[in-house]
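# Fold and contact review
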Amino acid sequence: MTGTEREGRVGLVTGGASGIGAACAGQLARAGVRVVVADLRLDAARATAATVDGVAVQVDVSQPDSVGSMVAHVRDRFGRLDIAVNNAGVGVPSKKRIADMSDDDWHTVTAVNLDGVFHCLRAELPLMLRAPSGGSIVNVASVMGAVGTIGGAAYVAAKHAVVGLTRTAALEYAADGIRVNAVGPGFVDTPLLGHQDAALRERTAAAHPVGRLATAEEIAAVVCFLASPASSFVTGAFYLADGGYTAV
């Protein structure tokens, strides 16, 4: 490790190869943060990392050992962690009502969207605690962390739980100078909506009073605000960036 690598803020973005994660990586890099792009798809993570002069690492956030290896890579390379964006997630694989869901339907979603956030927090916090200036963690939840939807029990439950986990972590680590917040995007024009046909996308967009889907860059702007010193008095918050979805 060089002295240069130890200098400057270091940010870790899970699910960083595309969508909101890639947008976060880009905005953090433009703010002078050294970015580690973590994703299950290593080749895609490398491609994104190359665009931000960052570092790529493979991770499966559903697996504690994989998450531990990811954070160890950050520690060994940079010796610090100032910002963590826990963004990795999966969508709803099938729109089944609760009584029709299998164990696999449930665990496929919660293993990434909830357990993955817990695994990341548990591994990231000790490295952040080493820094005298603390750090900032942003968990990417969803507007579905505030409301429900038919056929999305596992996703909705996981995202609600991420909000509660965020608030608890914020309380536990406030005295250590570590801020923990969550963002609740509305529906975003990313690959997670790739399964929708044109008619369904129009209906989804129309569900937002602003009349459209969000862009990944718009959500990343909120994430990066929460990660920055500009939000130094904000912790334990759940910031909705939902185009008015929950205001109806």
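Preceding this paragraph is the structure being described.
In short, a report on the structure. Per-chain numbering applies: the sequence of each chain, read as written, is numbered from 1 onward. Only residues with pLDDT of 70 or above have their local features reported here, since the model is predicted, and side-chain atom pairs are shown and tallied only from 80 upward, although totals for entire chains, interfaces and linings are computed over all residues. The side-chain quantities take in all heavy atoms of the structure and omit both hydrogens and water.

Okay, the nonpolar core next. What is meant by a nonpolar core is a set of buried Ala, Val, Leu, Ile, Met, Phe, Trp, Tyr and Cys residues, joined one to another through side-chain atoms within 4.5 Å. When a residue's accessible area, from a 1.4 Å probe over protein chains only, is under 20% of the maximum for its type it is buried; when over 50% it is exposed; and in between it is partly exposed. Ranked by internal contacts, the top residues of the largest apolar core, which has 34 residues, are Val36, Met70, Val74 and Ile137. The secondary structure listing takes helices from DSSP runs of H or I that are at least 4 residues long and strands from runs of E that are at least 2 residues long, numbered from the N terminus. Elements represented by at least two residues in this core include exactly β1 (10-14), β2 (34-39), β3 (55-58), α4 (64-78), α6 (115-129), α7 (153-173) and β6 (178-185). Take this core: its biggest share by element is seven residues, from α6. Only heavy atoms enter the contact rule, under which two residues are in contact if any of them lie within 4.5 Å. Excluding its chain neighbours within four sequence positions, the residues that come into contact with Met70 are Leu12, Thr14, Ala38, Val57, Val59 and Cys120. With 29 residues, the next largest nonpolar core counts Ala23, Ala25, Val35 and Ala45 among its residues.

Both faces of strand β4 (residues 83-86) are covered, namely the face carrying Ile83 and Val85 and the face carrying Ala84 and Asn86. The pairing criterion is simple: DSSP has to find at least two bridges between the two strands. Sheet topology places β1 next to β4; three bridges connect them, and they run parallel. Across the sheet, residue Leu12 finds its bridge partner in β4, namely Ala84. In this sheet, strand β5 (residues 135-140) lies alongside β4 in parallel orientation, the contact comprising four bridges. Bridge assignment links Asn86 to a residue of β5, and that residue is Asn139.

Before going further, it helps to examine the packing of helix α5 (residues 103-113) against α7. Throughout, an axis means a line fitted to C-alpha atoms (over the contacting stretch in the case of helices), and angles, computed between N-to-C directions, take values from 0 to 180 degrees. One can describe the packing of α5 onto α7 by two numbers: an axis separation of 8 Å at closest approach and a directional angle of 25°. Taken as axis vectors, α5 and α7 run roughly parallel relative to one another. Pair α5 / α7 crosses with right-handed handedness. Counting all contacts with α5, which are made through Asp105, Trp106, Val109, Thr110 and Asn113, the residues of α7 involved are Ala153, Ala154, Tyr155, Ala157, Ala158, Lys159 and Val162. In terms of residue class, the contact of α5 with α7 is built from eight nonpolar, two polar and two charged. Orientation categories follow fixed angle ranges, with anything under 35 degrees roughly parallel, anything over 145 roughly antiparallel, 65 to 115 roughly perpendicular, and all other angles oblique. Note: crossing handedness is left-handed where the near helix turns anticlockwise from the far helix by less than a right angle, and right-handed where it turns clockwise. Throughout, the ten residues Ala, Val, Leu, Ile, Met, Phe, Trp, Tyr, Cys and Pro are labelled nonpolar, Asp, Glu, Lys and Arg are labelled charged, and all others, Gly among them, are labelled polar.

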